[in-house]
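Residue strings, one per chain:
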Amino acid sequence: MLERFKEFWAGTVLHPVVRLFIHLGISPDTVTLVGTIGVSAGALIFFPQGELLIGVLVITAFVFSDLIDGRMARETGRVSKFGAFWDSTLDRIGDGAIFGGLALYFAGTGHGQGDSYLYLCVTLWCLVMGSVTSYARARAESLGMDAKGGLAERADRLVAILVMTGLSDIFDLPVLLYVALWALALASTYTVAFRVLKVRRQALASEGPSAGEPPA
């Protein structure tokens with residue numbers, strides 16, 4: 001569903017922006033970099049100060065760069081292995097900044113924020129497991145195996161945390177953010193376990209029936 005949503009925005013709503021950037025000679029890699037800087041700044045500047053809604057709005061504005069750069073690359077024929085690598089690498093930085101900003105919010109480093117050690121830990125767990133989720137898939141694919149699947153793909157995590165963070169600030173209901181963090185922590189943990197077991201089954205199948213048995 002999210003893929004169709006992304007295609008709708010990139011191919012219809014944001015198409016004039018895509019054409020403008022192409023006309024100006026801006027490269028897709030530059031759009032990716034600027035978007036990541038914007039996402040990171042929005043998260044690390046506003047979240048620690050307790051300005052959750054402003055942070056979400058800034059991040060959302062720059063998140064659209066993730067839709068624009070891919071569309072630009074396809075329309076200009078500049079799809080490349082480096083571009084895919086660059087995009088994935090900067091995605092990890094942006095994701096880390098979002099959860100890092102929330103961690104600082106719960107650490108009580110600014111003015112008027114959550115100051116909760118429990119949710120600081122839950123947020124850090126989401127950050128770590130989100131990175132491991134992506135790494136597990138990338139590492140499996142580098143070994144010629146498939147690690148797709150689970151409950152918490154990157155787009156799902158991003159939409160969930162931004163929507164619930166924004167709503168929690170709009171309605172002054174911190175519980176919405178708490179629920180989102182617990183849900184993401186559990187979903188990410190399940191996804192990592194699911195991918196590890198999936199790769200293990202493939203590895204055992206490729207190595208023969210004796211693989212995984214202790215030596216005699």
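Every value quoted in this text rests on a predicted model; they were computed, and no experiment measured them.

Draft legend 1. Fine view of the UniProt feature "binding site: a CDP-1,2-diacyl-sn-glycerol" (unreviewed entry) in the protein chain. Under the UniProt annotation, "binding site: a CDP-1,2-diacyl-sn-glycerol" (unreviewed entry) lies at D29, T30, V31, T32, G70, R74 and S80. In the annotated group above, the largest cavity draws its lining from T32. Secondary-structure assignment places T32 in helix α3 (residues 28–46). Since its relative accessible area comes to 5%, T32 is described here as buried. Those residues in contact with T32, other than ones at most four positions away along the chain, are D69, W86, D87 and L90. Within the secondary structure, R74 sits in helix α5 (residues 65–76).

Draft legend 2. Representation of the environment of M164 within the structure. Structurally, M164 is set in helix α8 (residues 154–170). When its relative accessible area of 22% is taken as the criterion, M164 is described as partly exposed. The spatial distance from the C-alpha of M164 to the C-alpha of L181 is 9.1 Å, given a sequence separation of 17 residues. Excluding residues that lie within four positions of it along the chain, M164 makes contacts with L176, L177 and A180.

Draft legend 3. How the structure looks around empty space enclosed by the protein. The tally for this structure, following the rule as stated, stands at three cavities of 30 Å³ or more. One number sums up the size of the largest cavity: a volume of about 150 Å³. Lining the largest cavity we find 17 residues, and of these T36, V39, D66, D91 and R154 sit closest to its centre. Mapped onto the lining of the largest cavity, the elements with two or more residues apiece are α3, α4 (52–63), α5, α6 (81–107) and α8. Of all the elements, α6 adds the most residues to the lining of the largest cavity, at six residues. Its residues assigned to classes, the lining of the largest cavity comprises six nonpolar, five polar and six charged. Its boundaries defined by the atoms lining it, the second largest cavity holds a volume of some 70 Å³.

Draft legend 4. Examining the nonpolar core more closely. If you look at the biggest cluster of nonpolar residues, it comprises 24 residues, and the most contacted ones within it are F47, I98, I161, L177 and L181. Elements with a minimum of two residues in this core: α3, α4, α6, α7 (117–142), α8 and α9 (174–207). Ranked by residue count, the leading element in this core is α6, at seven residues. Contact partners of F47, with chain neighbours within four places excluded, come to G42, L52, G55, V56, I59, I98, G101, L102, Y105 and T165. Formed by six residues, the second largest nonpolar core is a distinct cluster that contains L14, V18, L67 and M72.

Draft legend 5. How the structure looks around the environment of I22. Here I22 is to be found in helix α2 (residues 15–24). Overall, the relative accessible area of 22% leaves I22 in the partly exposed class. Spatially, the C-alpha atoms of I22 and M72 are 6.9 Å apart, while their sequence positions differ by 50 residues. When near neighbours in sequence (up to four residues on either side) are disregarded, I22 contacts M72, E75 and T76.

Draft legend 6. Molecular detail of the side chain of R195. Within the element layout of this structure, R195 appears in helix α9. We classify R195 as buried; its relative accessible area is 2%. When sequence neighbours within four positions are dropped, the list of residues in contact with R195 reads T133, S134, A136, R137, A147, K148, G149 and E153.

Cut-offs and rules
Residues numbered from 1 in each chain as written. Predicted model: local features only at pLDDT ≥ 70, side-chain atom pairs only at ≥ 80, totals over all residues. Heavy atoms only, no water. UniProt positions renumbered as here; feature names shortened; annotations may be inferred. 1 Å grid on protein atoms, 1.4 Å probe; cavity = no way out; pocket = protein on both sides within 12 Å on 5 of 7 lines; lining within 4 Å. Helix = DSSP H or I, 4+ residues; strand = E, 2+ residues; numbered from the N terminus. Buried < 20%, exposed > 50% of the residue type's maximum accessible area, 1.4 Å probe, protein only. Contact = heavy atoms within 4.5 Å. Points joined across faces, edges and corners; volume = space filled by probe spheres on them. Nonpolar A, V, L, I, M, F, W, Y, C, P; charged D, E, K, R; others polar. Core = buried A, V, L, I, M, F, W, Y, C linked by side-chain atoms within 4.5 Å.

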